[in-house]
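Here are the chains, one letter per residue:
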Amino acid sequence: MNKIIDFKKYTSIHIGGEHKVKIIKTIDTYPSYKILGRGNNSLISDNPPLLAILGEEFNYIKEKDGKLIVGAATSSGKLLTYCRKNDIANFELLAKLPGNMGGLVKMNAGLKQWEIFNYLHSIKTHEGEILKNNIPHSYRHTQIDGIVFEVTFNIERGYCKEQQKVFNKMRDNQPNLPSAGSCFKNPEGYSAGYLIENVGLKGYVIGGMSFSEMHANFLVNLGNGTFNEAIELISLAKEKVKDKFNIDLEVEIEII
Ligand SMILES: Cc1cc2nc3c(=O)[nH]c(=O)nc-3n(C[C@H](O)[C@H](O)[C@H](O)COP(=O)(O)OP(=O)(O)OC[C@H]3O[C@@H](n4cnc5c(N)ncnc54)[C@H](O)[C@@H]3O)c2cc1C
């Protein structure tokens, strides 16, 4: 089954054209397709590869034998609400962390030392269940081959409202304008925001795109920003930071 998706509306950064997207309904390999979740970390080019998303069949939450079993098309908001209602700890970090479980696990999304892999037990791909210890992962990086269809977490009881408030506070400096989250990964010992600001690019505008005035590591769409303008800003920041600090900034946003 296919569907036409307007990625200018679908992605959080509001960039991308209309493309035919495959809706995946059964577990298989789909080697010709690039899988997407909610598009909160993605910058879609004008000529993307074939795209696919998971169907509603993968949008579920179950509890079994002390484990939380979540379909990869389940949104972070739905899981957060479930954990709040069922007094489950550790998922408070999902507040204001937009995405589907497949994307969140693939990106090892999180906030500082709190990241999704901390609570993971295993994932399900076309190869079956893969335990966390067998998945190489680090800060905002995982080596997952293929599509994640299901995610299993260890359950600890005790949802903590105070912890959620702490996470919300940590996000106070994030802009409300359309973005794809942090543009670059923080290099060892530095914050990417500090480096971008230090080379004079905080608030710097090209066309309809800018490094935010509020937080330099957020590439924001001021209205009608384009893919090419976003790429120009990314290249400029990489070049200036390399010249001044001899640091190679690595993009966190997925350029598709
Ligand atoms: C306002 C804002 C704030 C944010 N704050 C944070 C933050 O604090 N911390 C953080 O880590 N991120 C943050 N992000 C980025 C984003 O929320 C995360 O990267 C999230 O994991 C993206 O999920 P998604 O479903 O939207 O992924 P997408 O953008 O759709 O995809 C991201 C990547 O995951 C892959 N992928 C998606 N689904 C699957 C699947 N089922 N199987 C295998 N691979 C898959 C895609 O191919 C792509 O490579 C923020 C984004 C926004 C817009």
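Just above sits the structure.
Residues numbered from 1 in each chain as written. Predicted model: local features only at pLDDT ≥ 70, side-chain atom pairs only at ≥ 80, totals over all residues. Heavy atoms only, no water.

Peer 1: With reference to specific residues and values, describe the nonpolar core.
Peer 2: Core analysis: the largest hydrophobic core is formed by 40 residues, its most contacted members being L68, L79, F91 and F153. Of all the secondary structure elements, the ones that give two or more residues to this core are β5 (51–54), β7 (67–71), α2 (76–85), α3 (101–106), β10 (120–125) and β14 (150–154). Excluding its chain neighbours within four sequence positions, the residues that come into contact with L79 are I61, L68, V70, F91, L94, M101 and F153. Membership of the second largest hydrophobic core comes to 25 residues, among which are C183, F211, A230 and L233. (Core = buried A, V, L, I, M, F, W, Y, C linked by side-chain atoms within 4.5 Å. Buried < 20%, exposed > 50% of the residue type's maximum accessible area, 1.4 Å probe, protein only. Helix = DSSP H or I, 4+ residues; strand = E, 2+ residues; numbered from the N terminus. Contact = heavy atoms within 4.5 Å.)

Peer 1: Tell me about α2, and name the residues and values.
Peer 2: At 3.6 residues per turn, the α-helix brings residues three or four places apart onto the same side. Burial in α2 covers these residues: S76, L79, L80 and C83. Buried residues of α2, viewed axially, fall in a sector of 100 degrees; they line one side. Tucked inside the fold, the buried residues of α2 contact β6 (61–64), β7, α3, β14 and α4 (161–170). Looking at the residues trailing α2, positive phi occurs at D87, about 55 degrees. (Arc of directions from axis to C-beta.)

Peer 1: Account for the pattern of salt bridges, with residues named and values stated.
Peer 2: Applying the stated criterion to the full structure yields 11 salt bridges. Of the charged contacts in the structure, one is a salt bridge between E254 and K34, with a shortest N-O distance of 3.6 Å. With E254 in strand β18 (residues 254–255) and K34 in strand β3 (residues 34–36), the pair connects residues that are 220 residues apart, well separated along the chain. Taking the relative accessible area as the measure of exposure, E254 reaches 30% and is therefore partly exposed. You can call K34 partly exposed: its relative accessible area is 30%. The closest approach of N and O atoms between E252 and R140, which form a salt bridge, is 3.7 Å. A residue pair is termed long-range when its members are at least 10 positions apart, and E252 in the loop between α6 (227–245) and β18 and R140 in the loop between β12 (137–138) and β13 (141–142) qualify at 112 residues. Taken as a pair, E252 and R140 share a single burial class, namely buried. Through salt bridges with shared partners, a single network forms among E115, R140 and E252. (Salt bridge = Lys/Arg side-chain N within 4 Å of Asp/Glu carboxyl O.)

Peer 1: Describe the site of the ligand, with residues and values.
Peer 2: Near the ligand lie 33 residues; those nearest to it are I35, G37, S42, P98 and G110. Within the side chain of R140, an N or O atom sits 3.1 Å from an oxygen atom of the ligand. Between a nitrogen atom of the ligand and a main-chain N or O atom of V148, the distance comes to 2.8 Å. For the ligand, whose unbound accessible area comes to 980 Å², protein coverage reaches 94%. Only β3, α3 and β8 (110–111) provide two or more residues apiece to the shell around the ligand. Looking at the shell around the ligand, the element that brings in the most residues is α3, giving 4 residues. Within the shell around the ligand, the residues separate by chemical class into 12 nonpolar, 15 polar and 6 charged. (Near = heavy atom within 4 Å. Polar contact = N/O pair within 3.5 Å; in protein donor to acceptor, adjacent residues only side chain to side chain. Areas by Shrake-Rupley, 256 points an atom, 1.4 Å probe, with all protein chains shown as cover. Nonpolar A, V, L, I, M, F, W, Y, C, P; charged D, E, K, R; others polar.)

Peer 1: Which residues make up the sheet that holds strand β1 (residues 2–6), and what values do they have?
Peer 2: Adjacent strands of a sheet form backbone hydrogen bonds with each other and so pair up, either parallel or antiparallel. Pairing in this open sheet of 4 strands is mixed, and the strands run β1-β2-β5-β3 from one edge to the other. The open sheet has two edge strands with one neighbour each: β1 and β3. Strand-to-strand twist of the sheet, defined as the mean angle between neighbouring strand axes without regard to direction, takes the value 45 degrees. Alignment of β3 against β5, held across 3 bridges, turns out to be parallel. Residue K34 lies in a different strand from β5, and its bridge partner there is L51. (Pairing = 2+ DSSP bridges. Axes fitted to C-alpha atoms, helices over the stretch in contact; angles between N-to-C directions.)

Peer 1: Tell me about the side chain of E92, residues and numbers included.
Peer 2: For E92, the position within the fold is in the loop between α2 and α3. Notably, E92 is buried but unbridged: the nearest opposite-charge side chain belongs to R84, and the N-O separation is 9.0 Å. Excluding anything up to four places from it in sequence, E92 contacts L80, G158, Y159, C160, Q163, Q164 and F167. (Lys, Arg positive; Asp, Glu negative; His and termini not counted.)

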